[in-house]
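Close look at the chain arrangement
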Amino acid sequence: MAQEWKAAFGLGDSDTTLSVVDAFGVTVVALQALQRRVEDLEAELTRHTGRDAAPRVPPSP
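The paragraphs below set out a description of the structure included in this document. (Residues numbered from 1 in each chain as written. Predicted model: local features only at pLDDT ≥ 70, side-chain atom pairs only at ≥ 80, totals over all residues. Heavy atoms only, no water.)

Our next topic: the overall build of the chain. In terms of helices and strands, the chain carries 2 helices and 0 strands. Rg of the C-alpha trace for the chain: 18 Å, well past the compact-globule value of 10 Å for 61 residues, more than 25% over. The 61 residues of the chain split such that 7% are buried. Summed over all atoms, the accessible surface of the chain reaches about 5400 Å², with 61% contributed by carbon and sulfur. Across the chain, 6 positive and 9 negative side-chain charges occur, with their mean positions spaced 9 Å apart. (Helix = DSSP H or I, 4+ residues; strand = E, 2+ residues; numbered from the N terminus. Rg over C-alpha atoms; globule rule 2.2 N^0.38 Å. Buried < 20%, exposed > 50% of the residue type's maximum accessible area, 1.4 Å probe, protein only. Areas by Shrake-Rupley, 256 points an atom, 1.4 Å probe, with all protein chains shown as cover. Lys, Arg positive; Asp, Glu negative; His and termini not counted. Charge placed at Lys NZ, Arg CZ, Asp CG, Glu CD.)

Here we come to the side chain of Asp22. Inspection of the secondary structure puts Asp22 in helix α2 (residues 20-49). Of the side chains with opposite charge, Lys6 lies nearest to the buried Asp22, which makes no salt bridge, at 7.7 Å. (Salt bridge = Lys/Arg side-chain N within 4 Å of Asp/Glu carboxyl O.)

A few words now on α2. Over its 30 residues, α2 runs 43 Å from end to end, which matches the ideal 44 Å to within 8%, given 1.5 Å per residue. Of the residues that open α2, the one with a side-chain oxygen 3.3 Å from the backbone nitrogen of Val21 is Ser19. Trailing α2 by a residue or two, Gly50 shows a phi angle of about 80°, which is positive. (Expected span 1.5 Å × (residues − 1). Polar contact = N/O pair within 3.5 Å; in protein donor to acceptor, adjacent residues only side chain to side chain.)

For the rest of this paragraph, the subject is the environment of Thr16. Examined against the element boundaries, Thr16 turns out to sit in the loop between α1 (2-9) and α2. The class for Thr16 is exposed, based on a relative accessible area of 62%. Through-space distance from the C-alpha of Thr16 to that of His48 is 49 Å; in sequence the pair is 32 residues apart. Reaching out from Thr16, the side chain makes a polar contact with the side chain of Ser14 at a distance of 2.7 Å.

Next up, the structure:
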């Protein structure tokens, strides 16, 4: 798995171990991309319906 990770993301000092920091970094980037996608879809929905998307509920702490 570490070899596949290094090939896919080019991260890590070794192809035999995974760094937790690298995994968190990739997760953050993926979440940011997902957030942008949601915002794009909400904007598209607003264009098609003429109404704002459903209000977002803030995450609980």
